[in-house]
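# Chains, contacts and geometry: an overview
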Amino acid sequence: MKVILLGPPGAGKGTQARQLAEKYGIPQLSTGDMLRAALKAGTEVGLKAKAAMEAGALVPDEVVVGIIADRIQEADCQKGFILDGFPRTVPQAQELDKMLAGRGMAIDHVIDIACDAEALVARITGRSTCSKCGEGYHAQHKKPAQAGICDKCGGTLTQRADDNEETVRNRLTVYEAQTAPVIGFYRPGGVFKEVDGMADMGAVFKALCAILG
Ligand code: ADP
Ligand code: ADP
Ligand code: ZN
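Residues numbered from 1 in each chain as written. Chains lettered and ligands numbered in written order. Predicted model: local features only at pLDDT ≥ 70, side-chain atom pairs only at ≥ 80, totals over all residues. Heavy atoms only, no water.

### Concerning the coordination of the zinc ion (ligand 3)
Each protein donor to the zinc ion (ligand 3) is listed here as C130 (SG), C133 (SG), C150 (SG) and C153 (SG); together their distances run 2.3 Å. Every donor counted, the four donor atoms about the zinc ion (ligand 3) form angles of 97 to 116 degrees at the centre, which fits tetrahedral coordination. Between consecutive donor residues of the zinc ion (ligand 3), the sequence gaps follow C-x2-C-x16-C-x2-C. Here C130, found in strand β5 (residues 127-130), pairs with C150, found in the loop between β6 (136-138) and β7 (157-158); they are 20 residues apart in sequence, far enough to count as distant. The same class applies to C130 and to C150, which are both buried. (Donors = N, O, S within 2.8 Å, 3.2 Å for Na, K, Ca; no water. Tetrahedral: all angles 85-135°; square planar, octahedral: opposite > 155°, others 65-115°. Helix = DSSP H or I, 4+ residues; strand = E, 2+ residues; numbered from the N terminus. Buried < 20%, exposed > 50% of the residue type's maximum accessible area, 1.4 Å probe, protein only.)

Listed below in structure tokens is the structure:
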């Protein structure tokens, strides 16, 4: 099963993709996570992505398309995958279609996690992530039992450098201009659905599972 989760920054793509990956036994492919790992490791891809990520702008299409093209060739992706944060431009969506078609594959579900714009800044500025296991938390909506400590593994929670208010506002503008048109790209194809991202996390998960079966 090949799934794309669309939605603005803070909609809950990562939160949901992580749970869906576990439930369906297929990998979560997050270009944001892959780029942050490349940055940390100091690879060439990381160097190319650094300035754009810090500014909340998009990394060039050819860089992210290259990452995804390599990743979907790996053995664990043959049963399917959940794309989270890719494609983020219409050209990325076109390239994805082409690379899948070349392997006799196609996307089965494109689901937009729709959110009110006003909710997103608070979602992102309240976000933290476990540095050890990657579990996501939120200052209001998903507090850890002990401040700064992961409930699951005891790891330290960290905040992303680009999750500050100024960069977030830029990311939301970039979303409207460059990523929202991806919805129009998929809508006519019959694979497109939408869920209400303003519902609580459990309800969003249920709605997604109802679509994916
Ligand atoms: P995205 O990957 O789309 O940028 P995340 O999954 O990281 O979004 O979610 C952003 C923040 O909002 C996280 O702190 C997460 O815990 C929280 N969050 C996710 N879904 C919901 C929801 N339905 N209601 C309230 N908060 C949520
Ligand atoms: P969020 O969860 O807030 O939506 P991500 O973790 O998906 O953020 O992405 C963080 C940053 O990484 C983006 O602001 C952008 O600079 C870069 N990035 C991630 N995915 C892509 C992509 N598909 N195309 C271009 N840039 C990307
Ligand atoms: Zn953890």
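### Some details on the environment of L5
The topology assignment puts L5 in strand β1 (residues 2-6). Since its relative accessible area comes to 1%, L5 is described here as buried. For L5, the residues in contact, after removing those within four places along its chain, are K13, Q16, A17, L20, I82, L83, D84, G85, I111, I113 and L208. (Contact = heavy atoms within 4.5 Å.)

### A word on the sheet that holds strand β4 (residues 109-114)
Taken in spatial order, the five strands line up as β2-β3-β1-β4-β8 in an open sheet, and their pairing is parallel. Only two strands of the sheet have a single neighbouring strand rather than two, namely β2 (28-30) and β8 (192-196). Averaged over all pairs of adjacent strands, the angle between strand axes in this sheet comes to 25 degrees, irrespective of strand direction. Judged from the five bridges that link them, β4 and β8 form a sheet pairing that is parallel. Residue pairing across strands places A114 opposite D196, the latter belonging to β8. Against the sheet, helix α1 (residues 13-24) engages β1, β2, β3 (81-84) and β4, with an angle of about 170 degrees to β3. (Pairing = 2+ DSSP bridges. Axes fitted to C-alpha atoms, helices over the stretch in contact; angles between N-to-C directions.)

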